[in-house]
Amino acid sequence: MMQKVQKFGGAMFTPVLLFAFAGIMVGIGTLFTTEAVMGSLAAPDSMWYLLWNVVLQGAWCVFNQLPLLFVVGLPIGLAKKQAGRCCMEALVLYLTFHYFVSTILSQWGGVFGVDFAAEVGGSSGLTMIANIKTMDMGMMGALLISGIVIYLHNRFFDTELPDWLGSFNGSTFIFMIGFFVMIPVAFLAVLIWPHIQSGMMLFQNFVMNAGALGVWVFIFLERLLIPFGLHHLLYSPFYYDNLVCPGGIYTYWATQLPQIAASTASLKSLCPEAAFTATGFSKIFGCPGIALAFYATAKKEKKKQLVSLLIPITLTAIVCGVTEPIEFTFLFMAPQLFVVHAFLSACLSTTMNLFGIVGVFSGGLIEMSSLNFIPLMTSHWKQYLLLLVIGLIYTVIWFVVFRFLISKFDFKTPGREDTEETKFYSKAEFRAKQAGGKGVKMDEKTILAAMILEGLGGADNIVDVTNCATRLRTNVKDETLVKDDAYFKGIGTHGISKNGKAMQVIVGLSVPHVRDRFEQVMQNPSAYELVKPEESASAPEAAVGTAVAADAPLHRLVSAANGQVVKVEDVPDDAFASKALGDGVAVILEDGKVYAPADGEISLVAETLHAYGISTSDGLELLVHIGVDTVKLDGKGFTPKVKEGDKVKAGQLICEVDMDVMKQSGYSMHTPILLTNGDECGDVKLYPAKNAVAGKTVVVEYRL
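For every chain, the first residue of its written sequence is number 1, and the numbers climb from 1 along that sequence. Confidence filtering applies because this is a predicted model: local features only for residues at pLDDT of at least 70, side-chain atom pairs given and counted only at 80 or more, and all residues used for totals across whole chains, interfaces and linings. For the side-chain quantities, the full set of heavy atoms in the structure was used; hydrogens and water were omitted.

### Notes on the overall build of the protein
- Secondary structure is summarised from DSSP: a helix means a run of H or I of at least four residues, a strand means a run of E of at least two, and numbering begins at the N terminus for each. The number of helices and strands found in the protein is 23 helices and 20 strands.
- Contacts: residue pairs with any heavy atoms within 4.5 Å of one another. By sequence separation, contacts in the protein at least 24 residues apart represent 72% of the contacts at least 6 residues apart.
- Working note: accessible area of the protein is about 30600 Å², and carbon and sulfur atoms make up 60% of it. Reported accessibility uses the Shrake-Rupley method at a 1.4 Å probe radius. Residues are deemed covered only where the shown protein chains occlude them.

### Some remarks on the environment of Ala-275
- Note that Ala-275 resides in the loop between helix H13 (267-270) and helix H14 (281-297).
- The classification of residues rests on relative accessible area computed with a 1.4 Å probe and restricted to protein chains. Under 20% of the type maximum is buried, over 50% is exposed, and intermediate values are partly exposed. According to the relative accessible area criterion, Ala-275 is buried, its value standing at 6%.
- The spacing of Ala-275 and Gly-356 is 81 residues in sequence and 9.3 Å in space, taken between C-alpha atoms.
- What Ala-275 contacts, discounting residues up to four positions off in sequence, is Val-215, Asn-353 and Val-358.

### Quick notes on helix H18 (residues 365-409)
- Along its 45 residues, H18 runs just 33 Å from first to last C-alpha, ending more than 12% under the 66 Å computed at 1.5 Å per residue.
- At every residue, the bend is computed as the angle between two fitted axes, covering the seven residues ending there and the seven beginning there respectively. Of all the bends in H18, the greatest measures close to 115 degrees and is centred on Met-377.
- At the C-terminal side of H18, Asp-410 shows a positive phi close to 50 degrees. Helices are assigned an expected span. That span is 1.5 Å times one less than the residue count.

### Brief notes about the sheet that holds strand S20 (residues 698-703)
- If DSSP finds at least two bridges between two strands, the strands pair. As summarised here, the arrangement of the 3 strands in space is S7-S20-S18, forming an open sheet in which the pairing is antiparallel. The two strands at the open ends of the sheet, each matched to only one other strand, are strand S7 (554-558) and strand S18 (682-686). Going from strand to strand, the sheet's axes swing by 15 degrees on average, the running direction of each strand aside.
- Two elements, S7 and S20, share 5 bridges in a ladder whose sense is antiparallel. Residue pairing in the sheet places His-555 in a bridge with Tyr-702 of S20. Here an axis means a line fitted to C-alpha atoms, over the contact stretch when the element is a helix, while the angle between two N-to-C directions is reported on a 0 to 180 degree scale.

### Thoughts on the nonpolar core
- Among the buried residues, those of types Ala, Val, Leu, Ile, Met, Phe, Trp, Tyr and Cys that are joined through side-chain atoms within 4.5 Å form a nonpolar core. Core analysis: the biggest nonpolar cluster contains 64 residues, and Phe-218, Trp-253, Phe-281, Leu-387 and Phe-402 have the highest contact counts within it.
- Considering every element that reaches this core, the biggest residue donor is H18, with 11 residues.
- With residues near it in sequence (within four places) discarded, Phe-402 still touches Ile-290, Ala-293, Phe-294, Phe-330, Leu-337, Val-340 and His-341.
- Counting 38 residues, the second largest nonpolar core, distinct from the first, contains Ala-596, Leu-633, Val-657 and Met-659.

### Let's talk about the sheet that holds strand S14 (residues 638-640)
- Pairing within the open sheet is antiparallel, and its 3 strands lie in the order S10-S16-S14. With partners counted over all chains shown, the strands left at the sheet margins are strand S10 (593-595) and S14, one partner each. Put simply, the sheet's adjacent strands are angled 20 degrees from each other on average, direction ignored.
- Sheet topology note: the S10/strand S16 (residues 653-657) ladder contains 3 bridges and is antiparallel. Of the residues in S16, the one forming a bridge with Tyr-595 is Leu-653.

### As for the pattern of salt bridges
- By salt bridge we mean one thing: a side-chain nitrogen of Lys or Arg within 4 Å of a carboxyl oxygen of Asp or Glu. Counted by the stated rule, this structure contains 8 salt bridges.
- The salt bridge involving Glu-479 is made with Lys-501; its shortest N-O contact spans 2.9 Å. Placement of Glu-479 in the loop between strand S4 (471-476) and helix H20 (485-490) and of Lys-501 in the loop between strand S5 (496-499) and strand S6 (502-506) is noted, with a sequence separation of 22 residues between them.
- Take Lys-501: its relative accessible area is 40%, and that puts it in the partly exposed class.
- The salt bridge involving Arg-556 is made with Glu-701; its shortest N-O contact spans 3.0 Å.

### A few points about unusual backbone geometry
- The backbone of Asp-410 sits at a positive phi, close to 50 degrees, despite the residue not being glycine.
- Examined against the element boundaries, Asp-410 turns out to sit in the loop between H18 and helix H19 (444-455).
- The backbone phi angle of Asp-629 is positive, close to 65 degrees, even though this residue is not glycine.
- One can find Asp-629 in the loop between strand S13 (621-625) and S14.

### Notes on a nonpolar patch on the surface
- Think of a patch as exposed residues, more than 30% relative accessible area, with no salt bridge, where like charges cluster within 9 Å and nonpolar side chains (Val, Leu, Ile, Met, Phe, Trp, Tyr) cluster within 5 Å. A surface patch of nonpolar side chains, about 830 Å² in accessible area, is lined by Met-88, Val-92, Trp-108, Val-111, Phe-175, Phe-179, Phe-180, Ile-183 and Phe-187.
- Listing elements by their share of the nonpolar patch, those giving two or more residues are helix H7 (83-108) and helix H9 (171-208).
- Sort the elements by how many residues they give to the nonpolar patch and H9 lands first, with 5 residues.
- With respect to the secondary-structure elements, Val-92 resides in helix H7.

### Considerations on the pairing of S16
- When S14 meets S16, the two strands line up antiparallel, connected through 3 bridges. What sits directly across from Phe-638, in S16, is Val-657.

### Some details on the packing of aromatic side chains
- Note on ring pairs: Phe, Tyr and Trp rings are taken, using the six-membered ring of Trp, and paired if centres are within 6.5 Å. Classes follow the plane angle, with under 30 degrees stacked, over 60 edge-to-face and the rest tilted. Tallied over the full model, the rule gives 13 aromatic pairs.
- Ring geometry for Phe-100 against Phe-179: centres 5.3 Å apart, planes inclined by 75 degrees, an arrangement best described as edge-to-face. Within this pair, whereas Phe-100 is found in helix H7, its partner Phe-179 is found in helix H9, the two being separated by 79 residues in sequence.
- With centroids separated by 5.8 Å and ring planes inclined at 35 degrees, the aromatic side chains of Phe-409 and Phe-411 adopt a geometry described as tilted.
- On the basis of relative accessibility, which here comes to 10%, the residue Phe-411 falls in the buried class.
- Ring-pair connections join several aromatic residues into one group, and the members of that group are Phe-100, Phe-175, Phe-179 and Phe-180.

### Quick word on helix H15 (residues 303-320)
- Compared with the 26 Å implied by 1.5 Å per residue over 18 residues, the 25 Å span of H15 between its first and last C-alpha is a close match.
- Following H15 by one or two positions, Gly-321 has its phi on the positive side, about 80 degrees.

### Details of the confidence of the model for the protein
- Residues with a pLDDT of 70 or more make up 80% of the protein, whose mean pLDDT is 79.
- In predicted models, pLDDT denotes the confidence assigned by the predictor to each residue on a 0 to 100 scale. The model gives residues 419-439 a pLDDT under 50, and that stretch makes 86 contacts with residues more than four places away or in other chains.
- Confidence drops under a pLDDT of 50 for residues 531-547, and excluding neighbours within four residues, the segment shows 17 contacts in the predicted structure.

### Some thoughts on the environment of His-380
- The residue His-380 is located in helix H18 in this model.
- Residue His-380 is classed as buried on the basis of its relative accessible area, which comes to 2%.
- For the pair His-380 and Ile-260, spaced 120 residues apart in sequence, the C-alpha separation works out to 9.0 Å.
- The residues contacting His-380, other than those within four sequence positions of it, are Ile-260, Ser-263, Thr-264, Ala-265, Leu-267 and Leu-270.
- A 3.5 Å cut-off defines polar contacts: any pair of N or O atoms within that distance qualifies, except that in protein one atom must be a possible hydrogen donor and the other a possible acceptor, and neighbouring residues in sequence count only when both atoms are side-chain atoms. Only 2.8 Å separates the side chain of His-380 from the backbone oxygen of Ile-260, close enough to count as a polar contact.

### A closer look at the packing of helix H17 (residues 335-354) against H18
- Two elements in contact, H17 and H18, have axes separated by 11 Å at closest approach and are oriented at 160 degrees. By the criterion of interaxial angle, the relationship of H17 to H18 is roughly antiparallel. Of the two possible hands of crossing, H17 and H18 adopt the one that is right-handed. Of the residues in H18, those in contact with Leu-337, Val-340, His-341, Leu-344, Ser-345, Cys-347, Leu-348, Thr-351 and Met-352 of H17 are Leu-387, Ile-390, Gly-391, Tyr-394, Ile-397, Trp-398, Val-401, Phe-402, Leu-405 and Ile-406.
- Each residue belonging to the contact of H17 with H18 can be placed in one class, and the counts come to 15 nonpolar, 4 polar and no charged. Oblique is the label for any angle not covered by the other classes, which are roughly parallel (under 35 degrees), roughly antiparallel (over 145) and roughly perpendicular (65 to 115). Each crossing gets its hand from how the near helix is turned against the far one by less than a right angle, where anticlockwise is left-handed and clockwise is right-handed. Throughout this entry, Asp, Glu, Lys and Arg are counted as charged residues, while Ala, Val, Leu, Ile, Met, Phe, Trp, Tyr, Cys and Pro are counted as nonpolar. The remaining residues, Gly among them, count as polar.

### Notes on the packing of H14 against H17
- For the pair H14 and H17, interaxial distance at closest approach is 10 Å and the crossing angle is 135 degrees. When the interaxial angle is binned, H14 and H17 end up oblique. The element H14 and its partner H17 pack so that their crossing is right-handed. Taking contact as the criterion, the partners of Phe-281, Ser-282, Phe-285 and Ile-290 in H14 are, on H17, His-341, Ser-345, Leu-348, Ser-349 and Met-352.
- The residue inventory of the contact of H14 with H17, partitioned by class, reads 5 nonpolar, 4 polar and no charged.

Structure, rendered in structure tokens:
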């Protein structure tokens with residue numbers, strides 16, 4: 001179950017990557033278009049305001065279109081094949097679903113208790129999605145539809161239709177099926193969802209008449225509903241409608257600012273209605289405590305990298321009031337913590353209310369300053385000082401509680417992941433132990449795929465298969481049928497990681513090709529059944545690692561960059577230092593230029609441009625990996641000078657690296673040069689050096 005949650009969390013995290021920058025731009029745009037901060041310069045008819053409003057409206061795109069983002073983001077992590085096609089299918093069918101909903105409501109809205117003639121927003125339960133007036137189901141609707149499409153895609157994408165229907169294969173077939181599936185789903189949605197919305201209306205009446213308890217319940221549920229996209233249905237009538245006060249809390253507070261500024265009475269006595277906008281206190285004081293807890297409980301080797309993630313998303317929450325980046329970072333990995341977060345948020349807001357501190361506190365520091373601190377500091381500074389003290393106390397509470405829970409229950413929060421998806425593994429040299437298959441002629445990767453399938457208990461034991469950058473991921477029906485780590489290393493992989501029924505076979509960068517062969521073998525396993533040793537007419541190949549003759553030719557590798565060369569054990573990364581990826585050395589990159597360490601052919605250029613495989617004429621497989629964990633830059637800062645299939649000479653430039661980007665990102669620039677099939681070599685000698693010269697200084701000798 002946890003594996004499925006983590007996989008789902010990884011898929012959910014894809015759109016969240018956009019939040020940090022968008023949130024910062026929203027904050028800047030809000031600041032520069034607020035008259036309380038900028039004065040007459042930000043008057044609504046000034047050129048300053050008009051220009052910055054263009055920026056502000058563009059920045060709201062990510063947050064205004066969250067359902068669409070999650071519709072196309074979910075398939076990236078959960079589609080088992082052709083994820084790009086699945087994204088397109090999900091988007092089209094999501095829009096089709098809303099066209100169905102819109103038409104149903106426009107024709108029979110009264111039957112389902114929906115006033116489709118009402119204006120969108122507020123308490124109407126309606127919204128606009130891609131210019132379609134439809135029922136507002138928030139992210140819950142987006143995830144529901146996207147999940148259905150992903151299931152259809154994984155189940156039917158490879159369905160072979162008759163030749164005369166060949167044009168309907170693939171995505172067209174998924175759209176055909178999905179089109180008819182969306183019709184009953186749309187009818188069910190308009191039947192059920194209005195009742196959910198009605199329940200929320202009853203709740204609104206309760207909290208308005210329950211005093212401090214009402215504030216606690218309101219804030220708790222507002223935070224808790226964020227993952228489902230329903231929180232705006234809760235607060236919109238309070239903030240922007242006439243439910244609590246004329247024009248909504250925001251408008252009413254703004255009109256009351258002169259009277260509030262002229263009085264020194266408690267803020268609560270002057271405008272008690274504003275208590276329900278206290279959702280922002282957790283953004284300013286809670287998120288820093290969470291970030292500190294994540295850092296304190298992270299694995300030592302991941303802390304440096306984690307800082308580069310936590311600082312921007314925490315500042316985004318504090319300054320801009322956009323919490324999705326940090327909350328979604330752990331929400332689906334450890335949902336229990338999100339419930340605790342909502343509980344503490346409610347406690348903090350209620351404490352502020354009991355001490356008489358109210359105001360428009362739903363946003364971040366920018367909004368709070370413009371609507372509270374700047375206009376009211378003179379007359380209410382004592383209460384704002386008390387606000388700071390209470391908030392900092394709660395920051396400590398958040399830190400202590402989160403740190404305890406994370407450690408106690410071993411939650412896989414950022415920096416504590418068991419998986420090594422962010423690690424980079426070398427291209428493996430697969431040596432088949434058998435001569436071929438029974439039914440069809442097989443290449444080396446197909447033989448490897450067949451041997452992996454055999455090790456996993458056969459096709460009947462496989463539930464599903466996906467892959468990350470280096471690992472073939474499968475869920476199996478019976479984990480007792482899966483062979484041990486020694487078997488998988490013996491067939492040419494880097495081993496297997498087991499977690500219940502979830503299996504991860506560490507293949508290397510060629511895993512997409514192996515997965516393709518694996519799925520091919522799965523479709524007709526009997527045709528790819530491997531020849532058993534007793535059935536083979538010839539002896540199997542010698543095991544990997546056979547001793548090399550003493551008079552075998554001596555080969556040399558030269559440094560891939562200018563700078564200090566160290567043994568691979570000294571690389572600040574467990575995957576490299578443990579030699580799990582192969583033995584070798586690492587040069588600490590200084591000038592941003594990376595060269596080929598030997599003559600050969602470029603066998604691999606990573607999609608993220610930070611790693612290069614080289615096959616030498618003598619059979620050695622090399623990996624040059626630029627920096628540690630730089631895969632996360634997704635190609636930023638790397639300019640390749642070669643492509644797969646190119647012939648290169650030792651000392652030839654293969655990549656230029658923007659060192660400013662690397663320094664700003666904080667990554668170690670240890671650049672390993674690994675012999676990924678080094679166990680086939682003999683008499684390997686490593687030569688660390690203080691001042692190696694690229695293309696000239698010998699750093700490795702071996703016989704092969």
